Amino acid sequence: MLLERIRLRSFGCFQEQDFDLHDGINLIFGPNFSGKSTLVNAIFFTLTGKPIVPRVDASAMKNPKAYSGTAGIQFIVNDERYQLFRGTEKRTLLRYEKEDAWHVLFDDKRIRATESMLQERFSIVHEQLALTTFLREGEIFEFLARQSATRRDILHTLLGIDRLIEVRQRFIDTRRIARREQGRIRAHQNSLRYSAQNASETEIARIEAKLKDLETAYGAETSDSALVAEWVQHQNRLQKQLDTLTHQQNETLSGFNDAAHLRQIIATIEKAIQESTGLETKREKLIQQIGRLESEIEALTTVCNTLRTLLESGEQHCPTCHQEVEQEVIQRIVDEKGEEKSQRSTELETHKQSLETETKNLESRRELEQRLQALQARSTQYKQRAQDIDKIQTELNALSSRLRETGTQQNAQSLSDTLTTVDKQQLKSQIDSERKKLDKLKQEEAVRLDRLGALQRANLDAAKVEKTLLSLELACTGIDKTIETLQQQILKPAEDELHHWIDKMQLFGETRVDLQREHLLPSLSIDGADRSLMLLSGSEKMFLYLCFKVALARVLGNPGFFVLDDPTLHLDGERKTLMVDFIRQLAEEHQVVVTSYDEDVRSGLEGAHLIEMSREA
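Residues numbered from 1 in each chain as written. Predicted model: local features only at pLDDT ≥ 70, side-chain atom pairs only at ≥ 80, totals over all residues. Heavy atoms only, no water.

Novice: So what exactly am I meant to see when it comes to the sheet that holds strand S1 (residues 2-11) here?
Specialist: Hydrogen bonds along the backbone pair up the strands of a sheet, which may run parallel or antiparallel. The strand order across the open sheet built from six strands is S2-S1-S4-S5-S6-S7, with neighbouring strands paired in antiparallel fashion. Looking at strand neighbours, the two that pair on one side only are strand S2 (14-20) and strand S7 (101-108), the edges of this open sheet. Strand-to-strand, the axes of this sheet are offset by a mean angle of 15°, without reference to chain direction. The sheet contact formed by strand S5 (residues 80-87) and strand S6 (residues 92-98) spans five bridges and is antiparallel. Across the sheet, the residue bridging to Gln83 is Arg95, located in S6. Contacts between helix H1 (residues 36-48) and the sheet are confined to S1, S2, strand S4 (70-77) and S5, with S1 contributing the most and set at about 100° to the helix. (Pairing = 2+ DSSP bridges. Helix = DSSP H or I, 4+ residues; strand = E, 2+ residues; numbered from the N terminus. Axes fitted to C-alpha atoms, helices over the stretch in contact; angles between N-to-C directions. Contact = heavy atoms within 4.5 Å.)

Quick look at the structure:
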């Protein structure tokens, strides 16, 4: 990509102005507050849709007197000429030249569609351009201060493995849910395992045989009429049990039309809980955003107070850079920072309201979970009582069938009055006792069989979850190995290129660099001894960082140019000369755009295409 022209309309301090760029070195020269950094920002904003300074809103880049601003660049890719324009209101326009006429290729306000088009057509990625192609003031110190996790995220974006990371995170979330389900199933298995032993089928068969013999003996002593009367009494007891269970079952369904209604409510609540699974993550993000906004507001307040102090002191020169201070320019900066602070405060209040809403939603979900547990318990009770009712009803139906076969159900009560002898009473008591034992054993056996079936189902569920967990572990391991391989394939060539530039610039002695140890933060070994980056001088850090950028750009695919915003700031005369040599060597293979207000840089880059800037312009 060869940049040919920068076109600005109501952008920054420019109302309407174009700047031509040439191949080789382009020096944007002028004093502070003349718009040099605005041109750098215009190139970056046009390509990425974001300001070059992080956490700055795009609307802040427009001319204060205009509703919106537009930045554009004209460039050549593969012998084809394009014009790309971006507005601060998010509209993007791409045109191409054909037969001396410009034709619209893309015109859209959708951010994702725009970024996808630029990445596909020109391989433009925001993070890659920011880290490899552009150098802005203070960037190196921000990079060194970044957390390891932040640099890791940048590395993943540069390597193009964002989707792999997203898929891995989904696997991890699914694995977390599977492990939670595995714990629940194991707890359920432990609660069922104790009752799955000591079957009582033999005892039931023995009592049934004994009861049959007793009933036969009792019938022989009392005639069939007495036995029928005994069956009627047993039928009455069963009916009372049936009525009690039916009443309890009805109480379980109190507030619901029927069991189907209860299941429907449970399903509705489960669906509502499932739909709100991301509330914790969303709430945590809001908390982080609120913290970030509060930090930004505090920083803006500090900047405004510092600038107001400078205005009130009446100083004619800046105490930092010793440039002449213009009161109107400083006041305009104060106003812009104040407006930005107001925007951040409004955004902060909106996030706080959203956080309050998400907190209430989270509390509502917890209430739903408690309600779901209560309803599930009632559903379990209903199912258990339904099984008991079916069992008693079956026994009652069998007894009624036997009574109908005798044809004497109506006279059974009167016939039972003939039982008067002691032997008959003892036999009857023994029958009652055995029958109670049989009923109790059958109930226990029914519960045991039910729990045994539940345990078998739990074992099947446990096996499925174990298989799922194994698949997820293999998937996560495979993705991690893929990521590690991609890092090695990119970072090893980058290390070799970095060594090449360090040796070329003769910065240190015998130097070895490791980019993989702390995610893009170079680990230095100078003359066989490890040396912390923080112990390097400011100029050494700057040169090492520039070599690092060029090395990454070479490996990742540089678009064809570099943009360096005041790279000689805070450098002494000797280091300035070294920087000029570095820029000239870089320009042998790439187009370079440099900004500066230093006369030594201007004289050192003699022959470069000069763009003279002035505060009046």
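Novice: Hey, could you run me through helix H5 (residues 148-159) in this one?
Specialist: Turn by turn, an α-helix covers 3.6 residues, leaving residues three or four places apart pointing in a common direction. With 12 residues, H5 ought to run about 16 Å at 1.5 Å a step, and its terminal C-alpha atoms sit 16 Å apart, in line with that. Those residues of H5 that fall on the buried side of the exposure criterion are Arg151, Ile154, Leu155, His156, Thr157, Leu158 and Leu159. (Expected span 1.5 Å × (residues − 1). Buried < 20%, exposed > 50% of the residue type's maximum accessible area, 1.4 Å probe, protein only.)

Novice: What am I meant to see in the pattern of salt bridges here?
Specialist: Note that side chains of opposite charge can pair when their charged atoms are close. Scanning the model with the defined rule gives 28 salt bridges in all. Here Lys282 and Glu358 are joined by a salt bridge, their closest N and O atoms 3.4 Å apart. One end of the pair, Lys282, is in helix H9 (residues 279-313); the other, Glu358, is in helix H10 (residues 327-406), with 76 residues separating them in the sequence. What emerges from the salt-bridge pattern is a single network uniting Arg7, Arg9, Glu16 and Asp18. (Salt bridge = Lys/Arg side-chain N within 4 Å of Asp/Glu carboxyl O.)

Novice: Explain the nonpolar core here, please?
Specialist: In globular proteins that are soluble, nonpolar side chains generally tend to be buried together. Residues Leu131, Leu498, Leu507, Phe548, Met579, Phe582 and Ile583 are the most contacted members of the largest nonpolar core, which totals 56 residues. Per element, the largest residue contribution to this core is 12 residues, and it comes from helix H13 (residues 538-556). By size, the runner-up hydrophobic cluster in this structure holds 38 residues, among which are Ile6, Leu47, Phe75 and Phe106. (Core = buried A, V, L, I, M, F, W, Y, C linked by side-chain atoms within 4.5 Å.)

Novice: I'm lost on the sheet that holds strand S10 (residues 523-526) in this one. Help?
Specialist: One open sheet holds the three strands; their spatial order is S9-S10-S11, and the pairing between them is antiparallel. Edge positions in the sheet fall to strand S9 (511-514) and strand S11 (529-531), since each of these pairs with one other strand and no more. Strand after strand, the sheet turns through a mean of 30° between neighbouring axes, direction not considered. Relative to S11, S10 runs antiparallel, the two being bridged by three bridges. Following the sheet pairing, Ser525 is matched in S11 by Asp530.

Novice: Explain the pairing of S1 to me, please; I cannot follow it from the model alone.
Specialist: Strand residues, when the strand is regular, have side chains that alternate between the two faces of the sheet. Across the 10 residues of S1, seven count as buried, placing the element largely inside the fold. Bridging between S1 and S4 involves seven bridges; their strand directions are antiparallel. For Leu2, the partnering residue across the bridge sits in S4 and is Ile76. The sheet contact formed by S1 and S2 spans six bridges and is antiparallel. The partner of Arg5 across the bridge, within S2, is Asp20.

Novice: Can you help me understand H1 in this one?
Specialist: Look at H1: 19 Å from first C-alpha to last across 13 residues, which is about the 18 Å you get at 1.5 Å a residue. Counting buried positions along H1 yields 12 of 13 residues, so the element is predominantly enclosed. Looking only at H1, the buried set comprises Lys36, Thr38, Leu39, Val40, Asn41, Ala42, Ile43, Phe44, Phe45, Thr46, Leu47 and Thr48. Positioned one or two residues after H1, Gly49 has a phi angle of 80°, which is positive.

Novice: It is not clear to me how the environment of Pro522 should be interpreted in this structure. Could you clarify?
Specialist: Along the chain, Pro522 falls in the loop between S9 and S10. Taking the C-alpha atoms as reference points, Pro522 and Leu144, 378 residues apart in sequence, are found 9.9 Å from one another. Not counting the four nearest positions on each side in its chain, Pro522 is found in contact with Val513, Asp514, Leu515, Leu533 and Phe548.

Novice: How should I be thinking about the packing of aromatic side chains in this particular structure?
Specialist: The relative placement of two aromatic rings is captured by the distance of their centres and the angle of their planes. Per the stated rule, a full pass over the model turns up nine aromatic pairs. Counting every residue linked through ring pairs, the aromatic cluster contains Phe44, Phe134 and Phe561. Directly above the aromatic system of Phe29 lies the positively charged group of Arg602, at a separation of 4.9 Å from the ring centroid. (Phe/Tyr/Trp six-rings, centres within 6.5 Å; stacked < 30°, edge-to-face > 60°. Lys NZ or Arg CZ within 6 Å of the ring centre and 35° of its normal.)

Novice: What should I look at first to understand the packing of H13 against helix H14 (residues 573-587) in this one?
Specialist: The angle between the axes and the distance between the axes are what describe a pair of packed helices. Put simply, H13 and H14 touch, their axes get as near as 11 Å, and they point 5° apart. As the angle between them shows, H13 and H14 are arranged roughly parallel. Across the interface between the two elements, Ser539, Glu540, Met542, Phe543, Leu546, Cys547 and Val550 of H13 pack against Arg575, Leu578, Met579, Phe582 and Leu586 of H14. Along the lines of polarity and charge, the residues of the contact of H13 with H14 split into nine nonpolar, one polar and two charged. (Parallel < 35°, antiparallel > 145°, perpendicular 65-115°, else oblique. Nonpolar A, V, L, I, M, F, W, Y, C, P; charged D, E, K, R; others polar.)

Novice: Where do I start with the environment of Leu262 in this structure?
Specialist: Examined against the element boundaries, Leu262 turns out to sit in helix H8 (residues 259-275). Classification of Leu262 by relative accessible area gives buried; the value is 1%. Separated by 116 residues in the primary sequence, Leu262 and Arg378 have C-alpha atoms spaced 8.9 Å apart. Contacts of Leu262, omitting those with residues within four sequence positions, involve Leu253, Phe256, Leu375, Arg378 and Ser379.

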